[in-house]
Amino acid sequence: MICPNCKIEYEKGYTQCSDCNIDLVERANLPQHVYRISQVGLSMLKFGIVLLFVSIFELMTVITLNDTYIIHRTYGGSPGGILSDINPILKILLAVQFIISVMVIIYGFFSKERN
Ligand SMILES: [Zn+2]
């Protein structure tokens, strides 16, 4: 006999777990707690990963555009990143997007269902 809650094994004759006060079950009847990621969770996980890749791509784009040397070398003109004026806002937006994508991935990963 085994407690389905705390998994402590009891000898035959016992019917209740002394810690949890719930009925013991046969070991064979113990439900297999197989956790699987739910369909919604899987969709969220995929969406989060795509969003994360988009964030990385955007970050690389912003870094490239913000690099004064690359801008100067590629387009000529005076040194100065073309995005330098809105850089703080971009940084915040990218940070927010990154946080959202990570949260979506975490949510998707942990939205599991018992089967
Ligand atoms: Zn118990």
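Residues numbered from 1 in each chain as written. Predicted model: local features only at pLDDT ≥ 70, side-chain atom pairs only at ≥ 80, totals over all residues. Heavy atoms only, no water.

Helix and strand content of the protein: 3 helices and 2 strands. For the protein, the succession of helices and strands along the chain, N to C, is β-α-α-α-β. Per-residue burial over the protein gives 22% buried out of 115 residues. For the protein, the proportion of contacts with a sequence separation of at least 24, taken over those separated by at least 6, is 50%. With an accessible surface of roughly 8700 Å², the protein has 65% of that area assigned to carbon and sulfur atoms. (Helix = DSSP H or I, 4+ residues; strand = E, 2+ residues; numbered from the N terminus. Buried < 20%, exposed > 50% of the residue type's maximum accessible area, 1.4 Å probe, protein only. Contact = heavy atoms within 4.5 Å. Areas by Shrake-Rupley, 256 points an atom, 1.4 Å probe, with all protein chains shown as cover.)

Turning our attention to a nonpolar patch on the surface. A cluster of nonpolar side chains, namely Ile49, Phe53, Ile56 and Met60, defines an oily patch on the protein surface of about 410 Å² accessible area. Relative to the assigned elements, Phe53 resides in helix 1 (residues 39–66). (Patch = residues over 30% accessible without salt bridge, like charges linked within 9 Å, V, L, I, M, F, W, Y side chains within 5 Å. Salt bridge = Lys/Arg side-chain N within 4 Å of Asp/Glu carboxyl O.)

This part is about the UniProt feature "transmembrane region" (unreviewed entry) in the protein. In the numbering used here, UniProt assigns the "transmembrane region" (unreviewed entry) feature to residues 45–65 and 89–110. Summarising residues 89–110: 100% helix, 0% strand, and an end-to-end C-alpha distance of 31 Å. (UniProt positions renumbered as here; feature names shortened; annotations may be inferred.)

On to unusual backbone geometry, then. Residues other than glycine predominantly adopt negative phi, and peptide bonds predominantly adopt the trans conformation. Positive phi outside glycine occurs at Lys7, with the angle close to 65°. On the basis of relative accessible area, Lys7 is assigned to the partly exposed category, the value being 38%. Its identity as a non-glycine residue notwithstanding, Asn21 has a phi of 55°, on the positive side. Position of Asn21 relative to the elements: it lies in the segment before strand 1 (35–37). Overall, Asn21 belongs to the exposed group, its relative accessible area being 55%.

Moving on to the coordination of the zinc ion. For the zinc ion, the full set of protein donor atoms is Cys3 (SG), Cys6 (SG), Cys17 (SG) and Cys20 (SG), and the range of their distances to it is 2.2 to 2.3 Å. One can describe the donor arrangement at the zinc ion as tetrahedral, given that its 4 donor atoms subtend angles of 102 to 114° at the metal. As a motif over one chain, the donors of the zinc ion read C-x2-C-x10-C-x2-C. Placement of Cys6 in the segment before strand 1 and of Cys17 in the segment before strand 1 is noted, with a sequence separation of 11 residues between them. (Donors = N, O, S within 2.8 Å, 3.2 Å for Na, K, Ca; no water. Tetrahedral: all angles 85-135°; square planar, octahedral: opposite > 155°, others 65-115°.)

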